Amino acid sequence: MSTELPYAADAEVSLSYDELEVLRIQYEREQLQAHITVQTKFNYSWGLVKSPLREHQVEGVRLLQDLYRTEPTRRRECLYYLALGHYKMGNFEEAKQFNNLLMEKEPTNLQAQSLAQLIEKGVAKEGYIGMALVGGAAALGTLVLAGFLRRATRASK
């Protein structure tokens, strides 16, 4: 039996420009009428979070946070897409917090388990990059110090 989890495809699959545009037009139409339905707001935020553009993701997360606070019946769905949005923006700690909340409520949620693996890979990659930067800075510092020492010893002779 395979231990592979279904891939959190939402992490890499975006809506087309036209699909997102349909959601945006519906959202703005309801906004003009001064009544945005929960479903329209959720659909638009979902589309924005799935976008490859950071400014869309930021707006999607903002809308989802508002839904999470005001619509208790939509919290489970919001948790997953809040975690996904933060993951896509590289906010791995926030992504982990939201995903952990979802997994506390639904420990067998395979999509959340898969997203947890992606988040951990992102954290590890970020850690490796950080270590590489620190290592590079230390090596550069050592070279600069060695150069100063060499000059100092030449000057004193």
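Residues numbered from 1 in each chain as written. Predicted model: local features only at pLDDT ≥ 70, side-chain atom pairs only at ≥ 80, totals over all residues. Heavy atoms only, no water.

- Going by what an unreviewed UniProt entry lists, the protein chain is known as Mitochondrial fission 1 protein and is assigned to Rhodocollybia butyracea.
- Per its UniProt entry, the protein chain bears the Subcellular location (unreviewed entry) comment "Mitochondrion outer membrane".
- According to its UniProt record, the protein chain has this under Sequence similarities (unreviewed entry): "Belongs to the FIS1 family." (UniProt positions renumbered as here; feature names shortened; annotations may be inferred.)

**Structural notes on unusual backbone geometry**
Then step 1. Residues other than glycine seldom take positive phi values, yet Ala 34 does so here, at roughly 65°.
Then step 2. Look at Ala 34 and you get exposed, because its relative accessible area is 72%. (Buried < 20%, exposed > 50% of the residue type's maximum accessible area, 1.4 Å probe, protein only.)

**Considering the packing of aromatic side chains**
Pairs of aromatic rings are described using the distance from one ring centre to the other and the angle between the two planes.
Then step 1. Per the counting criterion, the structure on display carries four aromatic pairs.
Then step 2. Centre to centre, the rings of Tyr 80 and Tyr 81 are 4.9 Å apart; their planes meet at 85°, and the pair counts as edge-to-face. As far as the burial class goes, Tyr 80 and Tyr 81 line up, both buried.
Then step 3. Taking 6.0 Å as the distance between ring centres and 55° as the angle between the ring planes, the aromatic pair formed by Tyr 87 and Phe 92 counts as tilted.
Then step 4. By relative accessible area, Tyr 87 is classed as buried at 18%.
Then step 5. The structure contains a cluster of three or more aromatic residues connected by ring pairs, namely Phe 42, Tyr 80 and Tyr 81.
Then step 6. Here the guanidinium or amino end of Arg 74 rests over the ring plane of Phe 42, the centre of that ring lying 4.6 Å away.
Then step 7. Its end group placed over the ring of Tyr 68, Arg 75 keeps NZ or CZ at 5.2 Å from the ring centre. (Phe/Tyr/Trp six-rings, centres within 6.5 Å; stacked < 30°, edge-to-face > 60°. Lys NZ or Arg CZ within 6 Å of the ring centre and 35° of its normal.)

**A closer look at the environment of Glu 19**
Then step 1. Within the element layout of this structure, Glu 19 appears in helix H1 (residues 17–32).
Then step 2. Given a relative accessible area of 44%, Glu 19 falls into the partly exposed group.
Then step 3. Placed 28 residues apart in sequence, Glu 19 and Gly 47 show a C-alpha to C-alpha distance of 8.3 Å.
Then step 4. A polar side-chain atom of Glu 19 sits 2.7 Å from the main-chain amide nitrogen of Ser 16. (Helix = DSSP H or I, 4+ residues; strand = E, 2+ residues; numbered from the N terminus. Polar contact = N/O pair within 3.5 Å; in protein donor to acceptor, adjacent residues only side chain to side chain.)

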